Amino acid sequence: EAQVTQNPRYLITVTGKKLTVTCSQNMNHEYMSWYRQDPGLGLRQIYYSMNVEVTDKGDVPEGYKVSRKEKRNFPLILESPSPNQTSLYFCASMLFSGANVLTFGAGSRLTVL
Amino acid sequence: TQLLEQSPQFLSIQEGENLTVYCNSSSVFSSLQWYRQEPGEGPVLLVTVVTGGEVKKLKRLTFQFGDARKDSSLHITAAQPGDTGLYLCAGERAGFNKFYFGSGTKLNVKP
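Below or above, wherever it landed, is the structure these notes cover.

With respect to the interface of chain A and chain B
When the parts of a complex come together, some accessible area is lost, and that lost area is often used as the size of the interface. Tallying the contact residues gives 22 residues for chain A and 22 residues for chain B. At the junction of chain A with chain B, the criterion picks out one salt bridge. Our count for the contact surface shared by chain A and chain B stands at four residue pairs in polar contact (both at pLDDT 80 or more). Listing elements by their share of the side of chain A that touches chain B, those giving two or more residues are strand 4 (31-38), strand 5 (42-51) and strand 9 (87-94) of chain A. The leading source of residues in the side of chain A that touches chain B is strand 5 of chain A, at five residues. Here the residues of the side of chain A that touches chain B sort into 13 nonpolar, seven polar and two charged.

Focus: the pairing of strand 5 (residues 44-49) of chain B
All names here are of chain B. Relative to strand 5, strand 4 (residues 31-37) runs antiparallel, the two sharing five bridges. Paired with Tyr-35 across the two strands is Leu-45, which belongs to strand 5. Taken together, strand 4 and the strand that follows it, strand 5, pair antiparallel across an intervening segment of six residues, in which Gly-40 is found at a positive phi of about 80 degrees.

Rules and cut-offs
- Residues numbered from 1 in each chain as written.
- Chains lettered and ligands numbered in written order.
- Predicted model: local features only at pLDDT ≥ 70, side-chain atom pairs only at ≥ 80, totals over all residues.
- Heavy atoms only, no water.
- Contact = heavy atoms within 4.5 Å.
- Salt bridge = Lys/Arg side-chain N within 4 Å of Asp/Glu carboxyl O.
- Polar contact = N/O pair within 3.5 Å; in protein donor to acceptor, adjacent residues only side chain to side chain.
- Helix = DSSP H or I, 4+ residues; strand = E, 2+ residues; numbered from the N terminus.
- Nonpolar A, V, L, I, M, F, W, Y, C, P; charged D, E, K, R; others polar.
- Pairing = 2+ DSSP bridges.

Below, the structure is given as structure tokens:
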């Protein structure tokens, strides 16, 4: 089944404790992206990647890092999480075509105490 | 300020009523998409519109892209409880490699 898989789905952590949210897609998509979803703000892009070893900042990149060493994986790293990073995170991937369509993972709910 | 302004933010209606959700911007988009999101899941694509003035229908849902490709609307006819969910619009800007999302419309259809 074609899908985007995120882990963990739920995580409660404390300020300053480094964490990684993994994202993997099995559709051979070039484009991958991370979003955070907060009430009243919709989905805001954190980072995106056009292909392996090509990453760029989105609208809210502060406090986050990413890497794209393999086409299928695009982990999101929070080096020193803070409470304002408490949010619902989504990974998405896309195949470049005439009509670009994002396929989303099921989301990762992160709480930073 | 978001690039795509979506309204209304909340909508609670009775089964059988009609409704329209709007997505507006001052920017031109190469395409505009509508997604629906259920609790505990990621957004799922409903439709993509790419041509100014384009109208697409998906059963009781009608999607329209503005002539100038700056705005879009989603109209639901005779809403049903199964339509309950969060509806998101997203615009793609050519050359920017990114999608801009509206803040979402939370729809509740009461039986």
